[in-house]
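Examining the three-dimensional arrangement
One letter stands for each residue in the lines below.
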Amino acid sequence: MEFGIVFFPTVGPDDRPAPQYFDECLHLAALAEELGFAHVKTVEHYFFPYGGYSPDPVTFLAAVAARTSRIRLGTSAAIPAFTHPVKLAGKLAMLDNISHGRLDVAFGRAFLPDEFAAFGIPLDESRDRFAEGVTACVRLWSEENVTFDGRFHRFGPVTLLPKVVQRPHPPVFVTSARSPESVERAGTDGYHLQTVPNVMSREVLQERLAIYRNAWAAAGHPEGAARIHFSYPTVVADDGEEAARKGRYDEERNTAAIAAAVRAWSGTTSAAYPGYEKLADLTTRATFDDRLKDDKVLAGDPDQVRAQLERIAGWYGDDVTISLGIHSGHLDVGDAERTLRLLADRVLPKLHA
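Now for a quick tour of the structure. Just so you know, these numbers come straight off a predicted model, no measurement behind them.

**A word on the pairing of strand E2 (residues 39-42)**
Burial along E2 is two-sided: the residues His39 and Lys41 and Val40 and Thr42 are all buried. Alignment of strand E1 (residues 2-7) against E2, held across three bridges, turns out to be parallel. Its bridge partner lying in E2, Val6 is registered against Lys41. Chirality of the crossover, the property in question, places the unit of E1, helix H1 (residues 18-34) and E2 among those that are right-handed. As paired elements, E2 and strand E3 (residues 72-78) share four bridges and run parallel to each other. Counted as the bridge partner of Val40 is Leu73 from E3. Between the parallel pair E2 and E3, the chain is carried across by helix H2 (residues 57-67), and the sense of this crossover is right-handed.

In structure tokens, the structure reads:
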């Protein structure tokens, strides 16, 4: 198993000033490289405390690139529906060059009605805009004199500059939260998979991974080359009770941010998002203690967290990569630094052994 970190801020100015949060995250990114972690990722969201401090992952990752030399940089995930593909492909290609070929690109559909409304894009178009945007970006990275005639974008002939460092293009991940069709399509197309175990049961996730791996193999892609990324909120401390207490507080604040962001689903339906209107009812969300028991959050002392990771590897395979959500902005940056150091010194060596 490989491990990295992901930043998903759930704070606003009343919680933590943005310059302070960015400084803390950049410090943690450099520390993650020093400690041997594999990647740094961040999300794309807008104007809510739920992710709103990260409207452009490329900007943040470029700053990380300037402070590091080895660690990989990942979007988690860029949203094609909100950006013209020539613009998006160009920004990402520039980041691949700035980082000397360290970029991993995850694409996502987005799911918040208010974000779509702000961009003037119908929710019902999200799936088609996602597929078209990914296709256009991959072609722009891989080909010259690209002529594109899609449903939403038409351009060409265009030859992108700068060319990407990684050929034929950076690794591409598809982000999927629920849809079996999405994971099957990702496997068939030869894209890697990024998902969040917290939003589905263990059995459902195992089923989704089987669909993905079978589709990858059936399409003739190289055996063992598929990459699967999970993300987990993570707090580690010498005292397991302290870690659980801080993890619970962090999850309560994250839940409050999610509740505000998904409120619009109470009066919204979309054929592209079946069942999402239920998101507005957070009374159905499992408690922190339930999620901890089900290993959907990682919290405890080093031995407890190592045991959680061993169970996760047993359920899903030891070829998965774990992105650790260590700093949403509600806990002190020292807690996140301690989590990283304990993982590097006392969890991962034993796990790998």
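From this point, the narrative continues.
**Re the packing of aromatic side chains**
For the structure on display, the rule yields 22 aromatic pairs. Consider the rings of Phe82 and Phe116, whose centres lie 5.2 Å apart with planes at 70°: the pair is edge-to-face. You can see Phe82 sitting in the loop between E3 and helix H3 (85-98) and its partner Phe116 sitting in helix H4 (residues 113-119), a full 34 residues away along the chain. Each of the two residues, Phe82 as well as Phe116, counts as buried.

**Section: the packing of H1 against helix H11 (residues 333-352)**
How two helices pack is summed up by the angle between their axes together with the distance between the axes. One way to put it is that H1 packs onto H11 with a least axis distance of 11 Å and a crossing angle of 10°. One finds that H1 runs roughly parallel with respect to H11. Residues Glu24, His27, Leu28, Leu31 and Ala32 of H1 touch H11, and the partners they reach there are Val333, Ala336, Glu337, Leu340 and Arg341. For the contact of H1 with H11, the residue count by class is six nonpolar, one polar and three charged.

**Let's talk about the layout of surface pockets**
What the second largest pocket holds in volume is close to 150 Å³. Looking at the second largest pocket, the residues that line it are Arg213, Trp216, Ala217, His221, Pro222, Glu223, Gly224, Ala225, Ala226, Ile228 and Asp319. In terms of residues, the lining of the second largest pocket owes the most to one element, helix H7 (residues 202-218), which gives three residues.

**Some words on the nonpolar core**
Ranked by size, the top nonpolar core spans 78 residues in total, and within it Phe37, Phe107 and Trp141 carry the most contacts. Among the elements that line this core, the one with the most residues is H11, at nine residues. The next biggest cluster of nonpolar side chains, apart from the first, holds 21 residues, and it includes Tyr46, Tyr50, Ile79 and Trp265.

**Remarks on the side chain of Ser99**
Its location among the elements puts Ser99 in the loop between H3 and strand E4 (103-107). With a relative accessible area of 1%, Ser99 lands in the buried category. One polar contact links the side chain of Ser99 to the main-chain carbonyl oxygen of Asp96, over a distance of 3.3 Å.

**Quick word on unusual backbone geometry**
The omega torsion across Gly156 and Pro157 is 0°, close enough to zero to call that bond cis. Tracing the sequence through the fold places Pro157 in strand E6 (residues 154-158). The peptide bond linking Arg167 to Pro168 adopts the cis configuration, its omega dihedral lying at 5°. Relative to the helices and strands, Pro168 resides in the loop between E6 and strand E7 (172-175). Positive phi outside glycine occurs at Ala110, with the angle close to 75°. Relative to the helices and strands, Ala110 is located in the loop between E4 and H4. With phi around 50°, Asn145 is a residue other than glycine that occupies positive phi space.

**Considerations on the environment of Arg102**
Tracing the chain through its elements places Arg102 in the loop between H3 and E4. Separated by 65 residues in the primary sequence, Arg102 and Phe37 place their C-alpha atoms 14 Å from one another. In terms of polar contacts, Arg102 uses its side chain to reach the side chain of Thr68, at 2.9 Å.

**Examining the packing of helix H6 (residues 180-189) against H7**
Across the interface, H6 lies against H7 with an axial gap of 7 Å and an inter-helix angle of 25°. As the angle between them shows, H6 and H7 are arranged roughly parallel. Crossing hand, H6 versus H7: right-handed. Counting all contacts with H6, which are made through Pro180, Val183, Glu184, Ala186, Gly187 and Thr188, the residues of H7 involved are Arg208, Ile211, Tyr212, Ala215 and Trp216. Considering only residue class, the contact of H6 with H7 consists of seven nonpolar, two polar and two charged.

**What about the pattern of salt bridges?**
It is possible for side chains of opposite charge to pair when their charged atoms get near one another. Taken as a whole, this structure holds 24 salt bridges when the rule is applied. Across the pair Glu125 and Arg129 runs a salt bridge, and its minimum N-O distance is 2.9 Å. The burial state of Glu125 is the same as that of Arg129; both residues are buried. Between Glu251 and Arg291 there is a salt bridge; the shortest N-O distance is 2.9 Å. Remark: Arg291 occurs in helix H9 (residues 288-293) and Glu251 occurs in helix H8 (residues 240-262); sequence separation between them is 40 residues. Looking at Arg291, the relative accessible area reads 5%, which means it is buried. Each member of the salt-bridge network shares a partner with another, and the members are Glu242, Lys246, Asp335 and Arg338.

Criteria and thresholds
- Counting restarts for each chain: residues are numbered from 1 in the order of the written sequence.
- Only residues with pLDDT of 70 or above have their local features reported here, since the model is predicted, and side-chain atom pairs are shown and tallied only from 80 upward, although totals for entire chains, interfaces and linings are computed over all residues.
- Side-chain metrics rest on all non-hydrogen atoms present in the structure, leaving aside hydrogens and water.
- Per-residue accessibility, obtained with a 1.4 Å probe over protein chains only, is compared with the maximum for each type, and a residue is labelled buried under 20%, exposed over 50%, and partly exposed between these values.
- Working definition: helices are DSSP H or I runs of at least four residues, strands are E runs of at least two. Numbering for both runs from the N terminus.
- Strands are treated as partners if at least two bridges between them are detected by DSSP.
- Handedness is read with the strands pointing away from the viewer; a crossover is right-handed when the path from the first strand over the helix to the second is clockwise.
- Working definition: a ring pair exists when centres of Phe, Tyr or Trp rings (six-membered ring for Trp) sit within 6.5 Å. Plane angles under 30 degrees give stacked, over 60 give edge-to-face, the rest tilted.
- Axis definition: a line fitted to C-alpha atoms, over the contacting stretch in the case of helices. Angles run 0 to 180 degrees between N-to-C directions.
- Here the word oblique covers every angle except those under 35 degrees (roughly parallel), over 145 (roughly antiparallel) and from 65 to 115 (roughly perpendicular).
- Whether two residues are in contact is decided by their heavy atoms, any of which lying within 4.5 Å being enough.
- Here the term charged refers only to Asp, Glu, Lys and Arg, the term nonpolar to Ala, Val, Leu, Ile, Met, Phe, Trp, Tyr, Cys and Pro, and the term polar to all other amino acids, Gly among them.
- Two kinds of site are reported from a 1 Å grid over the protein atoms alone, namely cavities, where a 1.4 Å probe fits but cannot get out, and pockets, open sets with protein on both sides within 12 Å along at least five of seven lines, and residues are called lining when an atom falls within 4 Å of a point.
- Grid points are joined across faces, edges and corners, and a volume is the space filled by probe spheres set on the points.
- In plain words, nonpolar cores are sets of buried Ala, Val, Leu, Ile, Met, Phe, Trp, Tyr and Cys residues tied together by side-chain atoms within 4.5 Å.
- Polar contact is defined as a pair of N or O atoms within 3.5 Å, subject to the rule that within protein one atom must be able to donate a hydrogen and the other to accept it, and that residues adjacent in sequence are counted only when both atoms are side-chain atoms.
- Left-handed describes a crossing in which the near helix is turned anticlockwise from the far one by less than a right angle; the clockwise case is right-handed.
- A pairing counts as a salt bridge when a side-chain nitrogen of Lys or Arg comes within 4 Å of a carboxyl oxygen of Asp or Glu.

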